Amino acid sequence: MVKGVERGFRYRFYPTPAQAQLLTRTLGCVRPVYNLGLQARRDAWQSRRATLGYAATSSLLTGWKQTPEFAFLNEVSCVPLQQTLRHLDTAYQRFFNGEARFPRFKSKKRSRRSAEFTSSGFSYRDGELRLAKLMDTPLAVVWSRPLPAGAVPKTVTVSQDRAGRWFVSLRVEAPVATAPPATKMVGIDAGINRLLTMSDADPVDNPRHERRERAALARAQRELARKEKGSRNREKARLRVARVHARIADRRRDVWHQVTTRLVRENQVLVIEDLAVANMLKNGRLARAISDASWGMFRTLLEYKAEGYGRTLIAVPRWYPSTRLCSVCGVRAEKMSLSVRAWRCAGCGTQHDRDVNAARNILAAGLAVTACGADRRPQRGTTSRAGSRR
């Protein structure tokens, strides 16, 4: 039997008032437990050079529950509280492995509101999902797509976004996605005027979701600025702002899902450019447009879908001169501004569309990488031409 891959399935659900109250309390307990565990580990190291693991912080959790200050932790399930301490332990391991920076305290306003339940904290049977301390009534989940046949969730993560919407994510082991082999290869150039331009001159227009909602967003933000801090009206105004942001994000994600799915189904080899999006956002004139394009989301979705469909994804180095290099004769043009959308090669006289020419050069560079024996994508931000994903 071929082992499947772990996949996440995210659904929206509508809790009852009692469920919403307990889940809100649970989300409110996860953050302080994480911060308490982080503080305990830091104090142990600074005071006596001792290291605390998950087992030690889990024991401390029992003691915290017995104090009057943190007695409210007894009102919620212990499963997500223990799980957040496991996440803290994982954050430490990633730091010591050089994969992430040192763990930081979670902010009440900025941290993601979520709680993870392991198999001992939920029950899933016949399409009904029940959580610990809420076993009497199943969650009203909108099953927008079915789970794989016979799949049993390993973990369940409940989250609430800034707009007040509730979501549940189920991590299951699913069969490896299969797709008929394709023969096409495509180079992809990301842009602002056109969201994507393919090497076969097929463009994807930029819907500019943020610009379409800019007036509504500005109006909602003005109303928020006029409300008194701490008042109920201010919270209502904050929700209106959050709903506009959520609408923009949902539309943007929907477009990228459609585009990336089409790309991996139609092409066997996909070549992209390793863009330094974080550095590009420092450009004050283009930061808003780059954020609206959301190239980081595009790459994330394309990576996991290409892996699931058995496609080859290659990222060429970000300093590769794809725009100024003639895709016909290889002559490099002088530096050109962003306003130049078409140019003529001084070597062969070919008239180039800026983006199409860049996409063709990206494809050629990616095929050169595969010819050298490296057929996988590099880590983001690395200097290698290609390498396996760790």
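This text goes with the structure placed above it.
The rules behind these values
Residue numbering note: each chain is counted from 1, following its sequence as written. In view of the model being predicted, local features appear only for residues whose pLDDT reaches at least 70, and side-chain atom pairs are presented and counted only at 80 or more, with totals across whole chains, interfaces and linings using the full set of residues. Only hydrogens and water are set aside; all other atoms, that is, all heavy atoms of the structure, feed into the side-chain values. Patch construction takes residues with relative accessible area above 30% that form no salt bridge. Like charges are linked within 9 Å, and nonpolar side chains (Val, Leu, Ile, Met, Phe, Trp, Tyr) are linked within 5 Å. Areas reported here follow the Shrake-Rupley algorithm with a probe of radius 1.4 Å; residue values treat only the protein chains shown as occluding. When a carboxyl oxygen of Asp or Glu lies within 4 Å of a side-chain nitrogen of Lys or Arg, that pair is called a salt bridge. To qualify as a helix, a DSSP run of H or I must reach at least 4 residues; to qualify as a strand, a run of E must reach at least 2; elements of each kind are numbered from the N terminus. For each residue, the accessible area found with a 1.4 Å probe, counting protein chains only, is set against the maximum for its type, and the residue is called buried under 20%, exposed over 50%, and partly exposed in between. Note on definitions: angles span 0 to 180 degrees between N-to-C directions of axes, and those axes are lines fitted to C-alpha atoms, for helices only across the stretch in contact. Orientation categories follow fixed angle ranges, with anything under 35 degrees roughly parallel, anything over 145 roughly antiparallel, 65 to 115 roughly perpendicular, and all other angles oblique. Left-handed is the label given to a crossing in which the near helix is rotated counterclockwise from the far helix by less than a right angle, and right-handed is the label when the rotation is clockwise. Note on definitions: a residue-residue contact is assigned when non-hydrogen atoms from the two residues lie within 4.5 Å. Residue polarity follows a fixed list, in which Ala, Val, Leu, Ile, Met, Phe, Trp, Tyr, Cys and Pro are nonpolar, Asp, Glu, Lys and Arg are charged, and the others, Gly among them, are polar. Throughout, the protein atoms alone are placed on a 1 Å grid, and a set of points is a cavity if a 1.4 Å probe fits but cannot get out or a pocket if it is open with protein on both sides within 12 Å along at least five of seven lines; lining residues have an atom within 4 Å of a point. Grid points are joined across faces, edges and corners, and a volume is the space filled by probe spheres set on the points. Here, any two strands with at least 2 DSSP bridges between them count as paired.

K.L.:
Outline a nonpolar patch on the surface, supporting the account with residue identities and numerical values.
P.N.:
Where nonpolar side chains cluster on the molecular surface, the patch consists of Phe95, Phe96 and Phe102 and spans about 300 Å² of accessible area. One can find Phe95 in helix H3 (residues 78-96). Looking at Phe95, the relative accessible area reads 31%, which means it is partly exposed.

K.L.:
Let's hear about the pattern of salt bridges: which residues, and what values?
P.N.:
Under the criterion given, the structure shown has 25 salt bridges. The partner of Arg262 in a salt bridge is Glu266, and the shortest N-O contact between them spans 3.8 Å. In this pair, Arg262 and Glu266 are both assigned in helix H6 (residues 232-266), four residues apart and thus about one turn of the helix distant. When its relative accessible area of 30% is taken as the criterion, Arg262 is described as partly exposed. Across the pair Arg299 and Glu303 runs a salt bridge, and its minimum N-O distance is 3.1 Å. Of the two residues, Arg299 and Glu303 both sit in helix H9 (residues 295-309), four residues apart, roughly one turn of that helix. For the pair Arg299 and Glu303, a shared accessibility class is recorded, and that class is buried.

K.L.:
Go over the packing of helix H1 (residues 17-48) against helix H2 (residues 54-65), please, and point to the residues and values.
P.N.:
Their axes nearest at 10 Å, the elements H1 and H2 cross at an angle of 120°. Classified by the interaxial angle, the pair formed by H1 and H2 is oblique. Read as a crossing pair, H1 and H2 show a hand that is right-handed. Residue-level contacts link Val33, Leu36, Gly37, Ala40 and Arg41 of H1 to Tyr54, Thr57, Leu60, Leu61 and Trp64 of H2. Partitioning the contact of H1 with H2 into residue classes produces seven nonpolar, two polar and one charged.

K.L.:
If you had to explain the layout of surface pockets to someone new, which residues and values would you point to?
P.N.:
In this model, the largest pocket occupies a volume close to 1400 Å³. If you trace the largest pocket, you find 36 residues lining it, with Gly8, Arg145, His257, Leu301 and Tyr304 closest to the centre. Listing elements by their share of the lining of the largest pocket, those giving two or more residues are strand S1 (5-13), strand S7 (166-174), H6 and H9. Looking at the lining of the largest pocket, the element that brings in the most residues is H9, giving nine residues. Among the residues making up the lining of the largest pocket, the classes are represented as 14 nonpolar, eight polar and 14 charged. Within this model, the second largest pocket holds a volume of roughly 930 Å³.

K.L.:
Now, about the sheet that holds strand S5 (residues 141-142): what can you tell me, with residues and values included?
P.N.:
Sheet architecture is open: five strands sit in the order S2-S6-S7-S1-S5, paired in antiparallel fashion. Each of the sheet's edge strands pairs with one partner strand only, and the pair in question is strand S2 (113-117) and S5. The pairing of strand S6 (residues 155-160) with S7 spans six bridges and is classified as antiparallel. Within S7, the position partnered with Thr155 by the bridge is Arg171. Contacts from H1 reach S1, S2, S6 and S7 within the one sheet, and its direction differs from that of S2 by about 95°.

K.L.:
With reference to specific residues and values, describe the packing of helix H5 (residues 214-226) against H6.
P.N.:
Closest axis-to-axis distance for the H5/H6 pair is 9 Å, and the angle between their directions is 160°. Of the possible angle classes, the one that applies to H5 and H6 is roughly antiparallel. Viewed along their axes, H5 and H6 form a crossing whose handedness is left-handed. The segment H5 lies against H6, with Leu217, Ala220, Gln221, Glu223 and Leu224 engaging Arg234, Ala237, Arg238, Arg240, Val241, Val244 and His245. Its residues assigned to classes, the contact of H5 with H6 shows six nonpolar, two polar and four charged.

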